[in-house]
Amino acid sequence: MRRKAGFLIPIEVAILEAAVALRKAGQSEVHGYELAKVVQGIRDATRLTAYGTLYKALSRLEREGFLASRWEDPSLAATDSRPRRRFYRLTVEGERALADARAAERETTAQRPAAAAVR
Amino acid sequence: MNAERSATWVRRWVSVYTLGLPPETKQRRRDEIDDDLWCQAQETAESGRADRSLAGEILARLVFGVPADVSWRIEQGRFGKPRPRPERSLAMHARLPAVLALVGGAMWTIWPIGEAATHALSGGEWHGGLGPMLVLVSLLGGAVVLALATISLVVVAQDVFPGLMAALVILGALFSTLAVVAFPPAIVALPITSILVMWQLSRAGALPTWAFWMHGAAPVFLLAIFLAGLAGVRVGDDFGAATLPLILLAVGVLYLYPLSWLAIGWSLLRHRTIAPDLAVGAGAA
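Bear in mind that the values here come from a model prediction, so they are computed numbers and not experimental data. Within each chain, residue numbers correspond to sequence positions counted from 1 in written order. Chain A is the first chain written and ligand 1 is the first ligand written, with later ones labelled in order. In keeping with the model being predicted, local features are shown solely for residues with a pLDDT of at least 70 and side-chain atom pairs are shown and tallied solely at 80 or more, while totals for entire chains, interfaces and linings include all residues. By convention in this description, side-chain values take in all heavy atoms of the structure and omit both hydrogens and water.

Here the focus is the overall build of chain B. Only DSSP runs of H or I with at least four residues qualify as helices, and only runs of E with at least two residues qualify as strands; both kinds are numbered from the N terminus onward. Helix and strand counts for chain B stand at 10 helices and 0 strands. Along chain B, helices (α) and strands (β) appear in the sequence α-α-α-α-α-α-α-α-α-α when read from the amino end. Remark: exposure states derive from per-residue accessible area (1.4 Å probe, protein chains only) relative to the maximum for the residue type, with buried under 20%, exposed over 50%, and partly exposed in between. Across the 285 residues that make up chain B, the buried fraction comes to 41%. The contact rule is simple, with two residues in contact once any of their heavy atoms fall within 4.5 Å. Considering only intrachain contacts with a sequence separation of at least 6, the fraction spanning at least 24 residues in chain B is 72%.

This is how it looks when you write it as structure tokens:
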């Protein structure tokens, strides 16, 4: 089965949620590691999301138009003696996709009360 | 291994899987990973955590990301020609372990039946031929498939497994496949590792609790028999009329193991995810 356009897997939902949370905290642009940290909290995970999983998800979210990105000015990175950084920003489409994912999740949860009951 | 060496392995791997991509795509991925490694190292240094702990975490993030890296690389196309391909759905993520669980469970469910049938048809003697061969294939093949199912569950639900447990489970499952080629007792590692996996998934709310209990019943039963044997408990022939029901009960309990694989496979196919439930309805974190 191929994924429908706009369909989000859990890691992508978590990334969008992290972007929303960081924006609420006053940070409209975030880099990959920051997202990984917040995603770890959201998913209550024991470790940070794997490099491949994280950056593949970011790549796909950007391709779908749910995130926009830009590279920072290299001189800033040089001043701080660190690698250059890529910043991501949540788009309106991303917010909409997240809302749709939440609605779908609520619907799925409502459709399987029996499964939830046996847990 | 120290953190710097782990980071070097990450960079080497990035160089490998970005091979043949346009320089700008390659550089983008390298820079992003470099920044991530730098941030992680900075944060670890500030928190005063041990270098060895960071090294382990970097390696775990590397290993668990390999399937996604390979999949991303395939999407990029060969020799820099972008070949956009739809990504696999959430169903596909859980589908591999689900299918392996179903196939392995089915193979282990049928082999005792096949063996009993073969035994009955051959008058209790092993004559070779297709029947016994099928029994052998389903028994040994099932062991390998179930080991792969165990490993794939850990990889797919990587977030819920502590690094050490994940490593032990993967090694244990690989070790159990030795039973097929050279070392039959190694098969013991399969139920031990799979129980660990089901326990952790069940704790994380990713599998129904009953699946864990169903899965663990047979190995615990076998362990009890083993311990009873060690303790010198003897089961004599004086059960009389109760012998057959007891045998049927024992067979039923042992059958729970392959049947639980079938149930877990089916559960994964139906629910389409083994990731922990996300609090998507509860607002942003």
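A pair can form between side chains of opposite charge whenever their charged atoms are brought close. The term salt bridge refers to a side-chain nitrogen of Lys or Arg lying within 4 Å of a carboxyl oxygen of Asp or Glu. Following the criterion strictly, the structure yields 19 salt bridges over all chains and no others. A salt bridge links B:Glu75 to A:Lys56; the nearest nitrogen and oxygen atoms lie 3.8 Å apart. One end of the pair, B:Glu75, is in helix α3 (residues 51-76); the other, A:Lys56, is in helix α3 (residues 51-63), on a second chain. With respect to burial, B:Glu75 and A:Lys56 carry one shared label: buried. Here B:Glu32 and A:Arg86 are joined by a salt bridge, their closest N and O atoms 3.5 Å apart. Placement of B:Glu32 in helix α2 (residues 23-47) and of A:Arg86 in strand β3 (residues 86-90) is noted, with the two residues assigned to different chains.

The residue B:Ser138 is located in helix α5 (residues 130-156) in this model. Setting aside residues no more than four positions away along its own chain, B:Ser138 makes contact with B:Met107, B:Trp108, B:Ile110 and B:Trp111.

Residues and elements named next belong to chain A. Strand pairing requires that DSSP identify at least two bridges connecting the strands. Spatially, the 3 strands line up as an open sheet ordered β1-β3-β2, and their pairing is antiparallel. Each having just a single partner strand, β1 (29-31) and β2 (67-71) make up the two edges of the open sheet. With strand direction ignored, the average angle separating the axes of adjacent strands in the sheet is 35°. Here β1 runs beside β3; their pairing, made up of 3 bridges, is antiparallel. Across the sheet, the residue bridging to Val30 is Tyr88, located in β3. Every axis corresponds to a line fitted to the C-alpha atoms, with the helix fit spanning only the stretch in contact, and the corresponding angles, defined between N-to-C directions, vary from 0 to 180 degrees. Contacts from helix α1 (residues 10-24) reach β1, β2 and β3 within the one sheet, and its direction differs from that of β3 by about 90°. Sitting on the sheet, α3 touches β2 and β3, and the angle it makes with β2 is about 110°.

Each pair of aromatic rings is reported with the distance of its centres and the angle of its planes. Residues and elements named next belong to chain B. When two rings of Phe, Tyr or Trp (its six-membered ring) have centres within 6.5 Å they constitute a pair, described as stacked for plane angles under 30 degrees, edge-to-face for angles over 60, and tilted for the intermediate range. Counted according to the given criterion, the structure contains 6 aromatic pairs over all chains. Note on Tyr17 and Trp72: the rings are 5.9 Å apart at their centroids and 90° apart in plane angle, and the pair reads as edge-to-face. Of this pair, Tyr17 sits in helix α1 (residues 3-17) while Trp72 sits in helix α3, and the two are 55 residues apart along the sequence. Both residues of the pair, Tyr17 and Trp72, belong to the buried class. Ring geometry for Phe212 and Trp213: centres 5.1 Å apart, planes at 55°, overall tilted. Residue Trp213 is classed as exposed on the basis of its relative accessible area of 58%. An aromatic cluster is built from Trp13, Tyr17 and Trp72, whose rings are joined through pairwise contacts. Across the ring face of Trp9, the terminal group of Arg12 is positioned such that the distance to the ring centre comes to 5.1 Å. Both a distance and an angle decide whether a charge sits over a ring: NZ of Lys or CZ of Arg must be within 6 Å of the ring centre and within 35 degrees of the ring normal.

Further remarks concern the packing of helix α2 (residues 32-42) of chain A against α2(B). Put simply, α2(A) and α2(B) touch, their axes get as near as 8 Å, and they point 60° apart. The angle between α2(A) and α2(B) falls in the class oblique. For the pair α2(A) and α2(B), the contacting residues are A:Gly32, A:Tyr33 and A:Lys37 in the first and B:Asp36, B:Cys39, B:Gln40 and B:Glu43 in the second. Looking at the contact of α2(A) with α2(B), its residues break down into 2 nonpolar, 2 polar and 3 charged. What sets the label is the angle itself: under 35 degrees gives roughly parallel, over 145 gives roughly antiparallel, 65 to 115 gives roughly perpendicular, and the rest give oblique. When residue character is reported, Ala, Val, Leu, Ile, Met, Phe, Trp, Tyr, Cys and Pro are called nonpolar, Asp, Glu, Lys and Arg charged, and the others, Gly included, polar.

A separate point is helix α9 (residues 209-230) of chain B. Two residues of an α-helix separated by three or four positions point the same way, owing to the 3.6 residues in each turn. The terminal C-alpha atoms of α9(B) lie 31 Å apart, and with 22 residues this matches the ideal 32 Å at 1.5 Å per residue to within 8%. Looking at α9(B), one finds that the buried residues are B:Ala211, B:Phe212, B:His215, B:Gly216, B:Ala218 and B:Pro219. What a helix is expected to span follows from its residue count: subtract one and scale by 1.5 Å.

All names here are of chain B. Between its first and last C-alpha atoms α1 spans 21 Å; for 15 residues at 1.5 Å apiece the expected length is 21 Å, and the two agree. Of all the positions in α1, only Ala3, Ser6, Ala7, Val10, Val14 and Tyr17 are classed as buried. Around the axis of α1, the buried residues are gathered within 100° of arc, so they sit on the same side. For α1, exposure combined with an orientation more than 90 degrees from the buried face picks out Glu4 and Arg5. Here the arc refers to the directions that run from the helix axis out to each C-beta atom.

What follows is about the nonpolar core. Core analysis: the biggest nonpolar cluster contains 45 residues, and A:Leu8, A:Ile15, A:Leu16, A:Leu35, A:Leu58, A:Leu67 and B:Val10 have the highest contact counts within it. Of all the secondary structure elements, the ones that give two or more residues to this core are α1, α2, α3, β3 and α5 (92-111) of chain A together with α1, α2 and α3 of chain B. What is meant by a nonpolar core is a set of buried Ala, Val, Leu, Ile, Met, Phe, Trp, Tyr and Cys residues, joined one to another through side-chain atoms within 4.5 Å. If you look at the next biggest cluster of nonpolar residues, it comprises 36 residues, including A:Ala50, B:Leu146, B:Val197 and B:Leu268.

Now for empty space enclosed by the protein. All names here are of chain A. Throughout, the protein atoms alone are placed on a 1 Å grid, and a set of points is a cavity if a 1.4 Å probe fits but cannot get out or a pocket if it is open with protein on both sides within 12 Å along at least five of seven lines; lining residues have an atom within 4 Å of a point. Grid points are joined across faces, edges and corners, and a volume is the space filled by probe spheres set on the points. Counting across every chain of the model gives 4 cavities of 30 Å³ or more. Reported here for the largest cavity is a volume of approximately 40 Å³. In terms of lining, the largest cavity is formed by Ala19, Arg23, Gln27, Ser28, Val30, Leu67, Tyr88, Arg89 and Leu90. The set of elements that each furnish at least two residues to the lining of the largest cavity consists of α1 and β3. Considering each element in turn, the lining of the largest cavity owes the most residues, 3 residues, to β3. Partitioning the lining of the largest cavity into residue classes produces 5 nonpolar, 2 polar and 2 charged.

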